Amino acid sequence: MKKSDHTDGGKPWWKWVVSLTVAAALFALCALSRDWVGAESGAALCGLLSDCFAVPGVVLGGVGGISWIATFGQFDMLTFGTRKFFGHFIRPLAKNLPDHFYEYREAKNQKGRTWMKETFFAGLVCLVLGGIMLALYYLL
């Protein structure tokens, strides 16, 4: 059975659920750390909500953006060197690791590279919502 048999066109719904759950958790942590219940005005509440949407937006958007950059092989040398070094101390890290970087990179290219689209777009949605709240803050 192939991996894509359990997915909907190669895009599993659970990746969206995980990304949105992380976004909601970061939003809740930010909201709980601030006194959003005692906001004096609607503008103050919109400002707090803008901050609370910005935190998961930056975190998730950043993680998704870095994973997109990684699809171009930008972090292959760092990963290979780290696994090679720590493989001397933790044997499972170096298991099945080729001797040369070129072989490692070719194996990664043959395997295929994916990025965290769902995480990136969940962060983008949070940033848009934060922008809307920021606009309301300045309008009120």
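Each remark here, short or long, concerns the structure printed above.
Worth saying up front: this structure is predicted, and the values here are computed from it rather than measured.

**Things to note about the overall build of the protein chain**
Turning to step 1, where the next piece is worked out: Summing up its helical and strand segments, the protein chain has six helices and zero strands in all.
Turning to step 2, where the next piece is worked out: Written out in order from the N terminus, the α and β elements of the protein chain read α-α-α-α-α-α.
Turning to step 3, where the next piece is worked out: Expected size for 140 residues packed as a compact globule is a radius of gyration near 14 Å; at 21 Å, the protein chain overshoots this value by more than 25%.
Turning to step 4, where the next piece is worked out: Overall, the C-alpha framework of the protein chain stretches about 65 × 35 × 20 Å when taken along its three principal axes.
Turning to step 5, where the next piece is worked out: Among the 140 residues that make up the protein chain, the fraction classed as buried is 24%.
Turning to step 6, where the next piece is worked out: Sequence-distant contacts in the protein chain: of pairs separated by 6 or more residues, those separated by 24 or more amount to 71%.
Turning to step 7, where the next piece is worked out: Surface exposure of the protein chain reaches about 9,900 Å², of which carbon and sulfur atoms provide 68%.
Turning to step 8, where the next piece is worked out: Within the protein chain, one finds 14 positive and 10 negative side-chain charges whose respective centroids are separated by 10 Å.

**Considerations on the pattern of salt bridges**
Turning to step 1, where the next piece is worked out: Per the stated rule, a full pass over the model turns up three salt bridges.
Turning to step 2, where the next piece is worked out: With a shortest N-O distance of 2.7 Å, Asp51 and Arg34 are connected by a salt bridge. Taken as a pair, Asp51 in helix α2 (residues 42-70) and Arg34 in the loop between α1 (13-33) and α2 lie far apart in primary sequence, 17 residues in all.
Turning to step 3, where the next piece is worked out: With a relative accessible area of 34%, Asp51 lands in the partly exposed category.
Turning to step 4, where the next piece is worked out: The partner of Arg105 in a salt bridge is Asp76, and the shortest N-O contact between them spans 3.7 Å. Here Arg105, found in helix α5 (residues 101-111), pairs with Asp76, found in helix α3 (residues 76-86); they are 29 residues apart in sequence, far enough to count as distant.
Turning to step 5, where the next piece is worked out: According to the relative accessible area criterion, Arg105 is partly exposed, its value standing at 28%.
Turning to step 6, where the next piece is worked out: Relative accessible area serves as the criterion here: at 3%, Asp76 is assigned to the buried category.
Turning to step 7, where the next piece is worked out: What you see here is one network of salt bridges that share partners, running through Asp76, Arg105 and Arg113.

**Quick notes on the packing of α2 against helix α6 (residues 117-139)**
Turning to step 1, where the next piece is worked out: Where α2 meets α6, the closest approach of the two axes is 7 Å, and the angle between their N-to-C directions is 160°. When the axis of α2 is compared with that of α6, the two are roughly antiparallel. Our pair here, α2 against α6, has a crossing hand that is left-handed.
Turning to step 2, where the next piece is worked out: Looking at the contact of α2 with α6 residue by residue, the classes come out as 18 nonpolar, nine polar and no charged.

**Points about the side chain of Ser50**
Turning to step 1, where the next piece is worked out: Counting through the fold element by element, Ser50 comes out in helix α2.
Turning to step 2, where the next piece is worked out: Here Gly130 takes part through its backbone oxygen, which lies 3.2 Å from a polar atom of the side chain of Ser50.

**Regarding the environment of Pro98**
Turning to step 1, where the next piece is worked out: Mapped onto the secondary structure, Pro98 falls in the loop between α4 (91-94) and α5.
Turning to step 2, where the next piece is worked out: Owing to a relative accessible area of 19%, Pro98 belongs among the buried residues under this scheme.

**Section: the packing of aromatic side chains**
Turning to step 1, where the next piece is worked out: What the rule picks out here adds up to 10 aromatic pairs.
Turning to step 2, where the next piece is worked out: Taking the centre distance of 5.2 Å and the plane angle of 75° together, the rings of Tyr137 and Tyr138 count as edge-to-face.
Turning to step 3, where the next piece is worked out: Classification of Tyr138 by relative accessible area gives exposed; the value is 64%.
Turning to step 4, where the next piece is worked out: Linked through ring pairs, Phe80, Phe101 and Tyr104 together constitute an aromatic cluster.

Definitions and cut-offs
- Residues numbered from 1 in each chain as written.
- Predicted model: local features only at pLDDT ≥ 70, side-chain atom pairs only at ≥ 80, totals over all residues.
- Heavy atoms only, no water.
- Helix = DSSP H or I, 4+ residues; strand = E, 2+ residues; numbered from the N terminus.
- Rg over C-alpha atoms; globule rule 2.2 N^0.38 Å.
- Buried < 20%, exposed > 50% of the residue type's maximum accessible area, 1.4 Å probe, protein only.
- Contact = heavy atoms within 4.5 Å.
- Areas by Shrake-Rupley, 256 points an atom, 1.4 Å probe, with all protein chains shown as cover.
- Lys, Arg positive; Asp, Glu negative; His and termini not counted.
- Charge placed at Lys NZ, Arg CZ, Asp CG, Glu CD.
- Salt bridge = Lys/Arg side-chain N within 4 Å of Asp/Glu carboxyl O.
- Axes fitted to C-alpha atoms, helices over the stretch in contact; angles between N-to-C directions.
- Parallel < 35°, antiparallel > 145°, perpendicular 65-115°, else oblique.
- Left-handed = near helix turned anticlockwise from the far one by under 90°.
- Nonpolar A, V, L, I, M, F, W, Y, C, P; charged D, E, K, R; others polar.
- Polar contact = N/O pair within 3.5 Å; in protein donor to acceptor, adjacent residues only side chain to side chain.
- Phe/Tyr/Trp six-rings, centres within 6.5 Å; stacked < 30°, edge-to-face > 60°.

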